[in-house]
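Chain by chain, the residues:
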Amino acid sequence: MFNKKIVSVTAKFLTTGYIMPLIIHYSDDKDYFIDKVYSCKNCASLKVGGIGKRYDIRIGNKRTFLYLEDSIWFVEEKMESNN
Amino acid sequence: MFCMIVGVVMRIIFHSDLNNFYASVECLYNPSIRNDAVVVVGDAEKRHGIVLAKNGLAKKYGIKTGDTIWEAQQKCPTKLTKVVARFDLYRKVSKIVKDIYREYSDRVESFGIDEAWIDVSERVSNFEDAYNLAEEIRKRIITEVGLTVSIGVSFNKIFAKLGSDLKKPNAVSVITPTNFKQVVWPLKCEDLLMVGHSTKAKLIKNNIKTIGDIARAGKNFLKQILGKNGEKLFDFATGKECSEVQKVGQHDEIKSIGNSTTCARNLTNINEVRAVLYVLAESVANRMREVNLWASCVAVSFKTEQLETFERQQKLDYPTNLAEVIGHVALDLFKCNYNWEYQIRSLGVRVLNLCDEPLQYNIFNDAQTILKKDKLERIVDSLRGRFGYGVIRRACILKDDMLVDLNPQDASHKIHPKSFIY
Ligand SMILES: [Mg+2]
């Protein structure tokens, strides 16, 4: 199960028009610094539902996706299964 | 690059149709309902809300577009998921998809919110390459938009559209000059664009059941039983249809549709104004149906013999494409805004705030009545297409033949189509 987790993001708007995400503010006391962006593609998120730009990113040694739809950022948050 | 077939330049045209569009968008955005039978409704609170769209599972239960919510519930008593339509979202997604099409061609013609023709003649020159290109588009839409399309690939718009209906969902079908007799001709005559109930009835009466039967009946015979439309149908069935893919809905979506006229003589009373406004309204409504659009604002413009001009607009409670509504609102606007100080020299009717769908019309009006009127007006369109504009007129127009003896769709007449904004 996945949850659509809307997050706030600090990003840099490059002169080319490209939007480079830098920090994901996951919760009040948790910021994730993005170490590398591998790619940015138009992509739908089937896991949580959405259509936008999908950033393929690395945080520390973990790879994950960060999405930008219109001006809303979200991630596919993995939910713990109860059973 | 064009490909040549016996010395004739052949076009390659796609017709792409998003499968179960509204319901698919809802299922994409709400993963938890993806395995349910889903219907999209105008407004779940209203008793006479109707089903605007359904997903594959709801279809299996026999639920149809236009069913009332209550009927749908009867067909699927266990678990039917109802979601209220979000037209802004559908428009957004539709634009994303059509922008993908436009990466492949500048000739993209929207047909409603979820369908479009794409002329790719300049990109591919044979059907093998065309198939691969259509596959590429189909796969891109799955990855980038999360939706499936059915694409028909052919050498004219009619067969391309037929092709997109052959395999659903999520498939590409190719109809070529060499296979169309095997693929298209066995299909029922009503599968052809423009064959409605009355045309079908006439065809069946003459023992014409399939598209192949239409082709074999011959142009002359079809003309005898169906008039002008018969000739058209013959061209459709034999692959001779050759209309262009229009660049409709590109960057400049149609913002308004209008028509105006300078009258043969000045108008002196409201009955004359009414007659002219209704003629104009009919030509505007006809045009709207051709491009599959509804409007939620009507504007009337008029010029006095002193050459003063006025324009007044009125928002509607619900979108319409009916001449009757447009004419009525235009007349009301005129009545409320003019005191007959001078005679009237020219009149114009324009509709704006155009949309692809009759948004939630069921809330404000009895859907059945509107659908019936829409059908009636389409019948009028088709009669006029067959027998000429004069064959049917509104009672109010009949009163003064001299005043309104004009065909608003024919530029050679007195109506000036300059206010058709495209
Ligand atoms: Mg469709």
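Everything quoted here is computed from the prediction, not taken from an experiment.

### Quick notes on the packing of aromatic side chains
Consideration 1: Summed over all chains, the structure comprises 21 aromatic pairs over all chains.
Consideration 2: Relative to Tyr90(B), the ring of Phe87(B) has its centre 5.8 Å away and its plane inclined at 80°; by these criteria the two rings are edge-to-face. Here Phe87(B) and its partner Tyr90(B) are both found in helix H4 (residues 87-102), 3 residues apart, which amounts to about one turn of the helix.
Consideration 3: Taking the relative accessible area as the measure of exposure, Phe87(B) reaches 8% and is therefore buried.
Consideration 4: On the accessibility criterion, Tyr90(B) (0% relative accessible area) is buried.
Consideration 5: Each member of the aromatic cluster is reached from another via a ring pair, and the members are Phe302(B), Phe310(B), Phe334(B), Tyr338(B) and Trp340(B).
Consideration 6: One cation-aromatic arrangement involves Lys5(A) over Tyr26(A); the distance from NZ or CZ to the ring centre is 4.9 Å.

### Focus: the sheet that holds strand E2 (residues 19-27) of chain A
Consideration 1: One open sheet holds the 7 strands; their spatial order is E3-E2-E1-E7-E6-E5-E4 (chain A), and the pairing between them is antiparallel. Since the sheet does not close on itself, it has two edges, and those belong to strand E3 (30-33) and strand E4 (36-45) of chain A, each with one partner. Averaged over all adjacent pairs, the angle separating strand axes in this sheet is 35°, with direction ignored.
Consideration 2: Across 6 bridges, strand E1 (residues 2-13) of chain A lies against E2(A) in antiparallel orientation. Counterpart to Ala11(A) in the pairing with E2(A) is Pro21(A).
Consideration 3: Taken strand by strand, helix H5 (residues 127-145) of chain B contacts E4 and strand E5 (50-59) of chain A, and its axis lies near 110° from that of E4(A).

### Notes on the interface of chain A and chain B
Consideration 1: Chain A puts 13 residues into the contact, and the matching count from chain B is 11 residues.
Consideration 2: In this assembly, chain A and chain B are joined by 2 salt bridges.
Consideration 3: Counting residues per element, the ones that place at least two in the side of chain A that touches chain B are E4 and E5 of chain A.
Consideration 4: Split by residue class, the side of chain A that touches chain B holds 5 nonpolar, 4 polar and 4 charged.

### Here we look at helix H11 (residues 228-237) of chain B
For an α-helix, the turn length of 3.6 residues means that residues three or four places apart are oriented alike.
Residue and element names in this part refer to chain B.
Consideration 1: Burial in H11 covers these residues: Asn-229, Gly-230, Leu-233, Phe-234, Phe-236 and Ala-237. Viewed along the axis of H11, the buried residues span an arc of 160°, placing them on a single side of the element.
Consideration 2: Where H11 ends, the next residue or the one after it, Gly-239, has phi of about 75°, a positive value.

### Some points on the environment of Phe221(B)
Residues and elements named next belong to chain B.
Consideration 1: Relative to the assigned elements, Phe-221 resides in helix H10 (residues 219-226).
Consideration 2: As for Phe-221 and Asn-206, which are separated by 15 residues in sequence, their C-alpha atoms are 10.0 Å apart.
Consideration 3: Setting aside chain neighbours within four positions, we find Phe-221 in contact with Asn-206 and Ile-208.

### Points about the coordination of the magnesium ion
Residue and element names in this part refer to chain B.
Consideration 1: Protein-derived ligands of the magnesium ion are Asp-17 (OD), Leu-18 (O) and Asp-114 (OD), with the metal-ligand distances lying across 2.1 to 2.4 Å.
Consideration 2: Counting residues between consecutive donors of the magnesium ion along the chain gives the motif D-L-x95-D. Here Asp-114 lies in the loop between strand E7 (108-111) and strand E8 (115-119) and Asp-17 lies in strand E3 (residues 13-18), a separation of 97 residues in the sequence.
Consideration 3: Judged by its relative accessible area of 9%, Asp-17 is buried.

### Some details on unusual backbone geometry
All names here are of chain B.
Consideration 1: Here the amide bond leading from Lys-168 into Pro-169 is cis, since omega sits at -15°, within 30 degrees of zero.
Consideration 2: In this structure, Pro-169 sits in the loop between helix H6 (157-166) and strand E10 (171-174).
Consideration 3: The phi angle at Leu-307 is positive, at roughly 70°, despite the residue not being glycine.
Consideration 4: Looking at where Leu-307 falls in the secondary structure, it is placed in the loop between strand E12 (294-304) and strand E13 (309-320).
Consideration 5: Although it is not a glycine, Asn-353 adopts a positive phi angle of roughly 55°.

### A look at the pattern of salt bridges
Residues and elements named next belong to chain B.
Consideration 1: Enumeration according to the criterion identifies 22 salt bridges over all chains in this entry.
Consideration 2: As a salt-bridge pair, Glu-109 and Lys-157 come within 2.8 Å of each other at their nearest N and O atoms. Linking Glu-109 in strand E7 with Lys-157 in helix H6, this pair joins segments that are 48 residues apart in sequence.
Consideration 3: Residue Glu-109 is classed as buried on the basis of its relative accessible area of 12%.
Consideration 4: The closest approach of N and O atoms between Lys-200 and Glu-190, which form a salt bridge, is 3.3 Å.

### Notes on the environment of Gly258(B)
Consideration 1: The residue Gly258(B) is located in strand E11 (residues 256-267) in this model.
Consideration 2: A relative accessible area of 0% means that Gly258(B) is categorised as buried.

### Description of the packing of helix H12 (residues 270-291) of chain B against helix H13 (residues 323-337) of chain B
Residue and element names in this part refer to chain B.
Consideration 1: Here H12 crosses H13 at 140°, and the two axes come no closer than 8 Å. With respect to their mutual orientation, H12 and H13 come out oblique. Here H12 and H13 pass one another in a crossing that is right-handed. Of the residues in H13, those touching H12 at Ile-270, Val-273, Arg-274, Leu-277, Tyr-278, Ala-281, Glu-282, Ala-285 and Met-288 are Ala-323, Glu-324, Ile-326, Gly-327, His-328, Ala-330, Leu-331, Phe-334 and Lys-335.
Consideration 2: Grouping the amino acids of the contact of H12 with H13 by side-chain chemistry returns 12 nonpolar, 2 polar and 4 charged.

### A few points about the confidence of the model for chain B
Residues and elements named next belong to chain B.
Consideration 1: For chain B, per-residue confidence averages 83 on the pLDDT scale, and 79% of positions sit at 70 or higher.
Consideration 2: In the predicted structure, residues 359-365 sits below a pLDDT of 50 and forms 23 contacts with residues beyond four places in sequence or in another chain.
Consideration 3: In this model residues 398-422 is a low-confidence stretch, pLDDT under 50, and it forms 53 contacts with partners more than four residues away in sequence or in other chains.
Consideration 4: Quick note on the complex model: pTM equals 0.68, ipTM equals 0.93.

### A short note on the pairing of strand E7 (residues 72-78) of chain A
All names here are of chain A.
Consideration 1: In terms of residue burial, E7 counts as a mostly covered element, since 5 of its 7 residues are buried.
Consideration 2: Bridge analysis of E1 against E7 gives 6 bridges, and the strand direction is antiparallel. Its bridge partner being in E7, Val-7 is matched across the sheet by Trp-73.
Consideration 3: By the bridge criterion, 4 bridges tie strand E6 (residues 62-69) to E7 in an arrangement that is antiparallel. Pairing of Leu-68 across the sheet is with Trp-73, part of E7.
Consideration 4: What sits between E6 and E7 in their antiparallel hairpin is a turn of 2 residues, with Asp-70 showing a positive phi close to 55°.

Here is what the cut-offs are and how they apply
Residues numbered from 1 in each chain as written. Chains lettered and ligands numbered in written order. Predicted model: local features only at pLDDT ≥ 70, side-chain atom pairs only at ≥ 80, totals over all residues. Heavy atoms only, no water. Phe/Tyr/Trp six-rings, centres within 6.5 Å; stacked < 30°, edge-to-face > 60°. Helix = DSSP H or I, 4+ residues; strand = E, 2+ residues; numbered from the N terminus. Buried < 20%, exposed > 50% of the residue type's maximum accessible area, 1.4 Å probe, protein only. Lys NZ or Arg CZ within 6 Å of the ring centre and 35° of its normal. Pairing = 2+ DSSP bridges. Axes fitted to C-alpha atoms, helices over the stretch in contact; angles between N-to-C directions. Contact = heavy atoms within 4.5 Å. Salt bridge = Lys/Arg side-chain N within 4 Å of Asp/Glu carboxyl O. Nonpolar A, V, L, I, M, F, W, Y, C, P; charged D, E, K, R; others polar. Arc of directions from axis to C-beta. Donors = N, O, S within 2.8 Å, 3.2 Å for Na, K, Ca; no water. Parallel < 35°, antiparallel > 145°, perpendicular 65-115°, else oblique. Left-handed = near helix turned anticlockwise from the far one by under 90°. pLDDT = per-residue confidence, 0-100.

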